[in-house]
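Now for the letters of each chain:
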Amino acid sequence: MNEYDSDRIKNALDAEPTDDPKKADIIIVNTCAIREKADQKAFSGLGKYKSIKANKPDVIVGISGCVAQLYGDKLLKKIPHLDFVLGTRAIPKLPEIISNIERQKRRTVETSYDLEELFEVEPYHKEGKVTAFVSVQQGCNKRCTYCIVPQVRGDEVNRPLPDILKETTNLVKKGVKEITFIGQTVNSWKESGYKFGDLIRAAGEIEDLERIRFTTSYPRDITKRMIDAMKEVPQVCHHLHLPVQSGSNKVLSNMKRTYTREWYIDTIARLKDAVPDITISTDIIIGFPGETDQDFQDTISLMKEIEFESSYSFKFSPRPGTPAAEYEKVETVDPDIASARLSELQAFQKDIAEKKNLSRVGQIEEVLVEGESRNDPNFLSGRTDHNRILNFKGTKDLVGKTVKVRVTEGLLNSLRGELVL
Ligand code: 5AD
């Protein structure tokens, strides 16, 4: 989501990006507020540009994204070298804001929710990109008690189907082979009578689009219509990111996740009935207020039962204005206990991930080659249908092609293999 917004910001400015902030005329720190750590990163990020502004007063420094939306004009008071604060729905207003600052040297805050222009600016597209995101939804209508998203991104707004298809088709014409539809609860997308399953089917009709992914799915919005589309549209990748957050029904209820452990397990079973080789990844929060050792063990036992392909796990972070920040005042989980639980869970997941990756050794996988491997230019890197990273020796002309690769090694976070000619 943030990467997509950063690319939209680049496009809105119609400026040449630079890796060297000293050379920049405009510096924007795009931020995330989901956990306190991300929030603090925004402030340290801005701090880095203080001396640049001191040496070059004409440089324009701004903050955008969820932290900007959350704190608004307080940021101008707190950070003297900041010129503007751009909320999560204000990206289309950026050119106007910059030109006003240039003309009038007036510091600006824009955090209103202007729905009309919401999807107007499409992201910057780097030539030769093989994969791309397309936003289908902004904001969120769920009210998970730990989550700050509804506060900083507003209620759910779904993008009309023709717009989504137009952006996707344009990207495919530019050479993109794989599209990931993004939304906070992407599978709750519905618009003008169409539901998420219809969106997948419509995308499946786009010529030369080889792969369709989407993220993040909300468990309760998994419908038969969606599962049928996943089964029947051949371009849909067999991987789903489906955050469970906890394996304890008590904690799930306190989080207002609106499903039970049993319901989640049954949903995975329904998905596997339709798409037997589907892989599932998840998000988990540890140390939610009131989480007992038994609750934590319920999460571990769920992980044992499902064997997620991978999981992102986080220590609960109280966010201002959320109900769970209030629960935390009464039922805090001791931070040392939370840390110990997180380590235990991550060690458990590591074993599963390693076991799963090892089980692929000897198999032939179809890989969409995304580019050279970051660590070694002799290696190419791509992902399998199941979203595993696979690195193998090959030449650059294969970028953008789907090739067959025999897996030779299963590592913790990736696979290694050799091209099958
Ligand atoms: N504390 C910890 N983790 C959180 N997440 C969202 N809000 C919080 C919070 N307050 C996690 C959830 C979500 C992921 C994107 O971030 O697991 O799925």
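Treat the numbers as computed from the prediction; the structure is a model and nothing was measured. Per chain, the residues get numbers from 1 upward, laid out in the order the sequence is written. Only residues with pLDDT of at least 70 are given local features in this predicted model, and only at 80 or more are side-chain atom pairs given and counted; all residues enter the totals for whole chains, interfaces and linings. The basis for the side-chain values is all heavy atoms of the structure; hydrogens and waters are excluded.

A.B. asks: Is there a simple way to explain the nonpolar core in this structure?
C.D. replies: Generally speaking, nonpolar side chains in soluble globular proteins are found buried as a group. To form a nonpolar core, buried Ala, Val, Leu, Ile, Met, Phe, Trp, Tyr and Cys residues must be joined to one another through side-chain atoms within 4.5 Å. Exposure categories follow from relative accessible area, calculated using a 1.4 Å probe and restricted to protein chains: below 20% of the type maximum is buried, above 50% is exposed, and the middle band is partly exposed. By size, the foremost hydrophobic cluster in this structure holds 50 residues, and its most contacted members are Phe-181, Phe-214, Met-230, Leu-240, Tyr-264, Leu-271 and Ile-280. The residues touching Met-230, leaving out its near neighbours within four places in the chain, are Ile-200, Phe-214, Val-236, Leu-240, Leu-271, Val-275 and Ile-278. By size, the runner-up hydrophobic cluster in this structure holds 22 residues, among which are Ile-27, Val-59, Ile-63 and Leu-70. Note on definitions: a residue-residue contact is assigned when non-hydrogen atoms from the two residues lie within 4.5 Å.

A.B. asks: Before we go on, may I ask you to explain the site of the ligand in this structure?
C.D. replies: One heavy atom within 4 Å of a molecule or strand is enough for the residue carrying it to be called near that molecule or strand. All residues adjacent to the ligand are Ile-34, Arg-35, Tyr-146, Gln-245, Asp-283, Ile-285, Phe-314, Lys-315, Phe-316, Ser-317 and Arg-319. Nitrogen and oxygen atoms within 3.5 Å of one another constitute a polar contact, given that in protein one can donate a hydrogen and the other can accept it, and given that sequence-neighbouring residues count only through two side-chain atoms. Between the ligand and Arg-35 there is a distance of 2.8 Å, counted from an oxygen atom to a side-chain nitrogen or oxygen. Residue Asp-283 places a side-chain N or O atom 2.6 Å away from an oxygen atom belonging to the ligand. With residues, only the protein chains shown are counted as cover, and all accessible areas are computed by Shrake-Rupley using a 1.4 Å probe. Protein coverage of the free-state accessible area of the ligand, which is 400 Å², stands at 87%. Mapped onto the shell around the ligand, the elements with two or more residues apiece are β13 (279-286) and β14 (310-315). Under the scheme used here, helices are H or I runs from DSSP no shorter than 4 residues and strands are E runs no shorter than 2 residues, and both carry numbers assigned from the N terminus.

A.B. asks: I keep staring at the sheet that holds strand β16 (residues 379-384) and nothing clicks. Help me out?
C.D. replies: Consider a sheet: its strands pair through backbone hydrogen bonds, and that pairing is either parallel or antiparallel. Should DSSP find at least two bridges between two strands, the strands are taken to pair. Taken in spatial order, the 5 strands line up as β15-β16-β17-β19-β18 and close into a barrel, and their pairing is mixed. Strand after strand, the sheet turns through a mean of 50 degrees between neighbouring axes, direction not considered. As paired elements, strand β15 (residues 364-372) and β16 share 5 bridges and run antiparallel to each other. Looking at the pairing, Val-369 lines up with Gly-382 of β16. A fitted line through C-alpha atoms serves as each axis, taken over the contacting stretch for helices, and the angle formed by two N-to-C directions is quoted from 0 to 180°.

A.B. asks: Even after reading the chapter, I still don't get the packing of helix α1 (residues 2-13) against helix α6 (residues 94-104), so can you show me in this structure?
C.D. replies: For any two helices packed against each other, one specifies the inter-axial angle together with the distance between the axes. Running from N to C, α1 and α6 point in directions that differ by 55 degrees, and their axes come no closer than 8 Å. In terms of axis orientation, α1 runs oblique to α6. Crossing geometry of α1 relative to α6 is assigned as right-handed. Contact residues: α1 offers Ile-9, Ala-12 and Leu-13, while α6 offers Leu-94, Pro-95 and Ile-98. Residues are grouped as follows: Ala, Val, Leu, Ile, Met, Phe, Trp, Tyr, Cys and Pro are nonpolar; Asp, Glu, Lys and Arg are charged; every other residue, Gly included, is polar. Taken together, the residues of the contact of α1 with α6 break down into 6 nonpolar, no polar and no charged. The labels follow the angle: roughly parallel below 35 degrees, roughly antiparallel above 145, roughly perpendicular from 65 to 115, and oblique for the rest. Crossings are sorted by hand: turned counterclockwise from the far helix by less than a right angle, the near helix makes the crossing left-handed, and turned clockwise it makes it right-handed.

A.B. asks: For this particular structure, what's the right way to read the sheet that holds strand β2 (residues 60-65)?
C.D. replies: Sheet architecture is open: 4 strands sit in the order β1-β2-β3-β4, paired in parallel fashion. Two strands in the sheet have a free side with no partner beyond their single neighbour: β1 (26-31) and β4 (108-110). Across this sheet, the average inter-strand angle for adjacent strands is 15 degrees, counted without regard to direction. Bridge count for strand β3 (residues 84-86) against β4 is 3 bridges, and the pairing is parallel. Directly across from Leu-86, in β4, lies its bridge partner Glu-110. Lying over the sheet, helix α2 (residues 36-47) contacts β1 and β2, oriented at roughly 170 degrees with respect to β1. Helix-sheet contacts for α6 involve β1, β2, β3 and β4, and the interaxial angle to β3 is about 170 degrees.

A.B. asks: For this particular structure, what's the right way to read the side chain of Thr-279?
C.D. replies: Among the secondary structure elements, Thr-279 is positioned in strand β13. Once residues within four sequence positions are removed from consideration, Thr-279 is found in contact with His-238, His-239, Leu-240, Glu-309, His-386 and Arg-388.

A.B. asks: Just checking my understanding: could you explain the side chain of Arg-261 for this structure?
C.D. replies: With respect to the element layout, Arg-261 can be found in helix α12 (residues 261-274). A polar contact of 2.7 Å, which involves the side chain of Arg-261, links it to the backbone oxygen of Asp-298. Polar side-chain contacts of Arg-261 include one of 2.8 Å to the side chain of Ser-301. Beyond its immediate sequence surroundings of up to four residues, Arg-261 is in contact with Gly-247, Asn-249, Leu-252, Asp-298, Ser-301, Leu-302 and Glu-305.

A.B. asks: Help me out: how do you make sense of the packing of α12 against helix α13 (residues 293-306) in this one?
C.D. replies: In contact at an axis separation of 12 Å, α12 and α13 are set at 10 degrees when each is read in the N-to-C sense. Classified by the angle their axes make, α12 and α13 are roughly parallel. On α13, the residues touching Arg-261, Tyr-264, Ile-265, Ile-268 and Lys-272 of α12 are Asp-298, Ser-301, Leu-302, Glu-305 and Ile-306. Taken together, the residues that form the contact of α12 with α13 break down as 5 nonpolar, 1 polar and 4 charged.

A.B. asks: Sorry if this is basic, but what is going on with the pattern of salt bridges here?
C.D. replies: Opposite charge on two side chains allows them to pair when their charged atoms are near. Counted as salt bridges are all cases of a side-chain nitrogen of Lys or Arg within 4 Å of a carboxyl oxygen of Asp or Glu. Under the defined criterion, the tally for this structure stands at 28 salt bridges. Close ionic contact of Arg-261 with Glu-305 constitutes a salt bridge, the shortest N to O distance being 3.9 Å. With Arg-261 in helix α12 and Glu-305 in helix α13, the pair connects residues that are 44 residues apart, well separated along the chain. The residue Lys-404 makes a salt bridge to Glu-366 at a minimum N-O spacing of 3.1 Å. In this pair, Lys-404 is assigned in strand β18 (residues 402-410) and Glu-366 in strand β15, connecting sequence segments 38 residues apart. A residue is classified by how much of its surface remains accessible, and Lys-404, at 43% relative accessible area, is partly exposed. Classification of Glu-366 as partly exposed rests on a relative accessible area of 42%.

A.B. asks: Explain unusual backbone geometry here, please?
C.D. replies: With glycine set apart, most residues show a phi of negative sign, and most peptide bonds adopt trans. In this chain, Thr-215 is followed by Thr-216 through a cis amide linkage whose omega measures 0 degrees. Inspection of the secondary structure assignment puts Thr-216 in the loop between β11 (211-215) and α10 (224-232). In this structure, Lys-256 is a non-glycine residue whose phi angle is positive, near 55 degrees. The class for Lys-256 is partly exposed, based on a relative accessible area of 48%. For Glu-307, which is not glycine, the phi dihedral falls at a positive 55 degrees. Note that Glu-307 resides in the loop between α13 and β14.

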